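Breakdown of the fold
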Amino acid sequence: MALSVLIAVTHLLGAGHLTRAAALARAFARAGHAATLVSGGMPAPLVSTEGARLVQLPPVRTAGTDFSKLLDESGAPVRPERLAARRRMLLDALEEARPDVVITELFPFGRRVLAAEFAALVEAARARRPLIAASVRDILAWPKPERVAEAHRQLADSYDAVLVHGDPRLAPLDLSWPMDEEIAPLLHYTGYVDEGGPAERPSGERRVILVSGGSSAAALPLYEAALGAARVVPKPWRILVGPGVPQEDFERLRRAAPGHAAIERARPDFRVLLGQAAVSVSQAGYNTAVDLLRARVPTVLVPFEAGHETEQRLRAECLAKLGIARVLPEAELSADALAAEIRAALAQPPSSAPDVRLDGAETTVALVERLARLTAPPPRLAYDWSPLDDALRRAADAGVTVEVWWRDDDAVAHTPALDRLLGLAGSFGVPIALAAIPGRIEPSLARRLAGERGAAVLVHGLTHANHAPAKEKKAEFGSGRPAATLASEAAAALAGAAAALGSGVLGSEALVPVFVPPWNRIAPELVQRLPAIGYRGLSTFGRRAARTPAPGLVQVNTHHDPTDWRGSRGLLPPEALIRQLAAAVAARVDGRHDTQEPIGLLTHHLIHGEAVWSYCEALIERLARHANLRYPSPKDLFR
């Protein structure tokens, strides 16, 4: 099964995140899958994306370890326009790739400064129902408790897997990130991602002391200490300076180097040079660790610890426990201390091959292939749309534009089902009206709808409680109670909905003062009182008797509900549903129905089984093909 795989990554300091993500993209491409790598960090010429499609977003970066402040290429603070352009390009890449698999590198464990961008990608992706996975290195930055809770919530709501590119025998993830029983089942260890192959071992003596510091400027103190150590350790030295070090600093290092120390920019043949080294001196980044696990060369690690960073120190200590590295803490770094550690490393024999998996790229591909098969949605049923297509063609021939609107009942909180509903509506640009139950709205609903321009909230009763007399059909606002009581509760419902959304009715972007009575039943005497309470609309189910049932009140109903409420609560027979919808279109074309009332779709996202979801997704996609359909917003419908 060939897959379309989209990997989203933004590296902010060094290029390690991009290097690992690119290695995964190349591995997917080699396995015959269509790989798209979306990179949001600075371009890195030494990182190969061979076989994969690269989408470069307008880059952002940071200065040092302050990951809360984003800068552009020139070092200026990033403006909102750049972030908006990045988001558009990211979602365009999603639309073009139509992925079966979406992988977010580090998010939601990190990249909080770009959380809105990654969340938009995940939300838009969910409408297509791909496998969604987080990709993380072996060791993370130890988080604050509130960040753990937020990341775990996002994982539980939206993710199918967490790909941990490490080996628990060296560094289990809970060494640096708290685990709980809900998240632990999502973890899949892949082994370390390495495509470099074994380091070449020369037949002669290894003489060179090789110093490397990754791609950023964070290793400048290490380079400077190495120059001092070179003056007292009389061996050939090669110091590889990363591309993130400014040219003026690079030239200063070259001028200060003794004659037996060569200063060069980082090279793509680093693995070859490492195999020829007598001692390796480096920081303890992920890719450096992989190189050292392959090369088994005597090593001195000076882990990067500025800004209270703990990742490299933890990794260095794990490698030291395997006996393949000596650790010099950054706080103790000096020329003399480094020289002493190098002399000690020179006296050590090469270490034996550690029992650590290094096939992470290939394992990731195999794992994702298996998970994609397990989580793939069932094949969408083939529906006979010809009656609906014929009716819409008749409408087009007659010059009739058919209006359709969509109401979904019983919203109370942010749930995966709500994400799926909003994702479906957003994918096809169809506005949706959420009839929310004011007395049961949770704060997560308002947070989820913030900025969701295509969604409006209607007032769905007060608590959705049945007050009908025994043996009568269910109703919360039926004729069995005094009209004054009904009016008082309807007013409380409107005020409660406004409070739950965080602002007054007039100031709320989401709330539209439209009353949707539970079970679509309402006492006629309450209808007359709704405008005085503050409502401007009413919506039930079935053909309306009048457009304005009371002065100042507009009624727009729903007509097409795919749920079998009298039977299984599953999907009604699709052929009957399609004929019903076609008849509604034909009635408007022929003037046999209120041609001013849009056809109303009615769904209930919280109780949908897969058959109902499949029908709704196929229906919205089908309707989107017809140019003579219009989707007015709820605000316009009830204006």
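This report concerns the structure included in the present document. Note that the structure is a prediction, hence the values are computed from the model and not measured. (Residues numbered from 1 in each chain as written. Predicted model: local features only at pLDDT ≥ 70, side-chain atom pairs only at ≥ 80, totals over all residues. Heavy atoms only, no water.)

**Some remarks on the overall build of the protein**
Within the protein, the regular secondary structure consists of 19 helices and 21 strands. The buried share among the 639 residues of the protein stands at 54%. Counting only contacts in the protein whose residues sit at least 6 apart along the sequence, the fraction spanning at least 24 positions is 71%. Accessible surface for the protein amounts to roughly 27000 Å². Of this, 53% is attributable to carbon and sulfur atoms. Of note, the protein has its 73 positive side-chain charges centred 1 Å away from the centre of its 71 negative side-chain charges. (Helix = DSSP H or I, 4+ residues; strand = E, 2+ residues; numbered from the N terminus. Buried < 20%, exposed > 50% of the residue type's maximum accessible area, 1.4 Å probe, protein only. Contact = heavy atoms within 4.5 Å. Areas by Shrake-Rupley, 256 points an atom, 1.4 Å probe, with all protein chains shown as cover. Lys, Arg positive; Asp, Glu negative; His and termini not counted. Charge placed at Lys NZ, Arg CZ, Asp CG, Glu CD.)

**What about the nonpolar core?**
In terms of nonpolar packing, the biggest core is built from 66 residues, with Leu 388, Trp 406, Phe 515, Leu 526, Leu 530, Tyr 535 and Val 585 touching the most fellow members. Leaving out residues up to four positions away in the same chain, Phe 515 has contacts with Val 459, Gly 461, Phe 477, Ala 490, Ile 522, Leu 526, Leu 530, Tyr 535, Gly 537, Leu 538 and Ser 539. Judged by nonpolar contacts, the second largest core, of 55 residues, contains Leu 37, Val 101, Phe 270 and Ala 284. (Core = buried A, V, L, I, M, F, W, Y, C linked by side-chain atoms within 4.5 Å.)

**So, the pattern of salt bridges**
Taken as a whole and assessed by the stated rule, the structure comprises 42 salt bridges. Across the pair Glu 117 and Arg 86 runs a salt bridge, and its minimum N-O distance is 2.9 Å. Here Arg 86 lies in helix H2 (residues 80-97) and Glu 117 lies in helix H3 (residues 115-126), a separation of 31 residues in the sequence. For Glu 95, the salt bridge goes to Arg 98, with nearest N and O atoms at 3.7 Å. The network of salt bridges with common partners includes Glu 123, Arg 126, Asp 419, Arg 448 and Glu 452. (Salt bridge = Lys/Arg side-chain N within 4 Å of Asp/Glu carboxyl O.)

**As for the packing of helix H8 (residues 286-295) against helix H9 (residues 311-321)**
It is the contact of H8 with H9, at a shortest axis distance of 11 Å, that shows an interaxial angle of 10 degrees. The angle between H8 and H9 places the two elements in the roughly parallel class. Considering the relative orientation of H8 and H9, their crossing is right-handed. Contacts between H8 and H9 involve Tyr 286, Ala 289 and Leu 293 on the former and, on the latter, Glu 311, Arg 315 and Leu 319. (Axes fitted to C-alpha atoms, helices over the stretch in contact; angles between N-to-C directions. Parallel < 35°, antiparallel > 145°, perpendicular 65-115°, else oblique. Left-handed = near helix turned anticlockwise from the far one by under 90°.)

**What about the side chain of Arg 86?**
You can call Arg 86 buried: its relative accessible area is 0%. Here Glu 117 takes part through its side chain, which lies 2.9 Å from a polar atom of the side chain of Arg 86. (Polar contact = N/O pair within 3.5 Å; in protein donor to acceptor, adjacent residues only side chain to side chain.)

**Quick look at the side chain of His 460**
When you line up the elements, His 460 lands in the loop between strand S16 (455-459) and helix H15 (483-500). By relative accessible area, His 460 is classed as buried at 1%. Of the polar contacts made by the side chain of His 460, one reaches the backbone oxygen of Val 516; its length is 2.9 Å. Sequence-distant contacts of His 460, defined by excluding residues within four places in its chain, comprise Asp 409, Asp 410, Ala 435, Ala 436, Ile 437, Pro 438, Val 516, Pro 517 and Pro 518.

**Description of the sheet that holds strand S2 (residues 34-39)**
Reading across from one edge, S3-S2-S1-S4-S5-S6-S7 is the order of the 7 strands in this open sheet, with parallel pairing throughout. For this open sheet the edge positions go to strand S3 (53-56) and strand S7 (187-189), each flanked by a neighbour on one side alone. Between one strand and the next, the sheet's axes are offset by a mean angle of 20 degrees, whatever the strand orientation. In this structure, strand S6 (residues 161-165) lies alongside S7, joined through 3 bridges in parallel fashion. (Pairing = 2+ DSSP bridges.)

**Re the pairing of strand S5 (residues 131-137)**
Of all the 7 residues making up S5, 7 are buried; the element is thus mostly covered by neighbouring parts of the structure. Burial of S5 is two-sided: the residues Leu 131, Ala 133, Ser 135 and Arg 137 facing one way and the residues Ile 132, Ala 134 and Val 136 facing the other way are all buried. Chirality of the crossover, the property in question, places the unit of strand S4 (residues 101-105), H3 and S5 among those that are right-handed. Here 5 bridges tie S5 to S6, and the two strands are oriented parallel to one another. Across the sheet, Ala 134 pairs through a bridge with Val 162, a residue of S6. For the crossover that starts at S5, traverses helix H4 (residues 145-158) and ends in the parallel S6, the hand is right-handed. (Right-handed = clockwise from strand over helix to strand, strands pointing away.)

**Here's the deal with unusual backbone geometry**
In this chain, Phe 107 is followed by Pro 108 through a cis amide linkage whose omega measures 10 degrees. Residue position: Pro 108 is located in the loop between S4 and H3. For Asp 410, which is not glycine, the phi dihedral falls at a positive 85 degrees. Residue Asn 520 is not a glycine yet carries a positive backbone phi of 60 degrees. Relative to the helices and strands, Asn 520 is located in the loop between strand S17 (511-515) and helix H16 (524-533).

**Regarding a nonpolar patch on the surface**
Together, Trp 565, Leu 606 and Ile 607 give the surface a local cluster of nonpolar side chains, amounting to about 260 Å² of exposed area. Within the element layout of this structure, Ile 607 appears in the loop between strand S20 (599-603) and helix H18 (610-623). (Patch = residues over 30% accessible without salt bridge, like charges linked within 9 Å, V, L, I, M, F, W, Y side chains within 5 Å.)

**So, the environment of Arg 393**
You can see Arg 393 is positioned in helix H12 (residues 386-397). Of the residues examined, Arg 393 reaches a relative accessible area of 46% and is grouped as partly exposed. Separated by 77 residues in the primary sequence, Arg 393 and Ala 470 place their C-alpha atoms 48 Å from one another.

**Side note on helix H13 (residues 416-427)**
Given a rise of 1.5 Å per residue, 12 residues ought to cover 16 Å, and the 16 Å separating the end C-alpha atoms of H13 matches this to within 8%. For H13, the full list of buried residues reads Leu 418, Asp 419, Arg 420, Leu 421, Leu 422, Gly 423, Leu 424 and Ala 425. Where H13 terminates, the next one or two residues include Gly 429, which has phi positive at roughly 65 degrees. (Expected span 1.5 Å × (residues − 1).)

**Focus: the sheet that holds strand S10 (residues 261-265)**
In space, the 6 strands of this open sheet follow the order S10-S9-S8-S11-S12-S13, with parallel pairing throughout. The sheet is open, and its two borders are formed by S10 and strand S13 (326-327), each paired with just one other strand. Pairing of strand S9 (residues 237-241) with S10, which is carried by 5 bridges, proceeds in the parallel orientation. Bridging across to S10, Leu 240 finds its partner in Glu 264. Along the sheet face, helix H5 (residues 220-230) touches strand S8 (208-212), S9, S10 and strand S11 (277-282) and points at about 170 degrees away from the line of S9.

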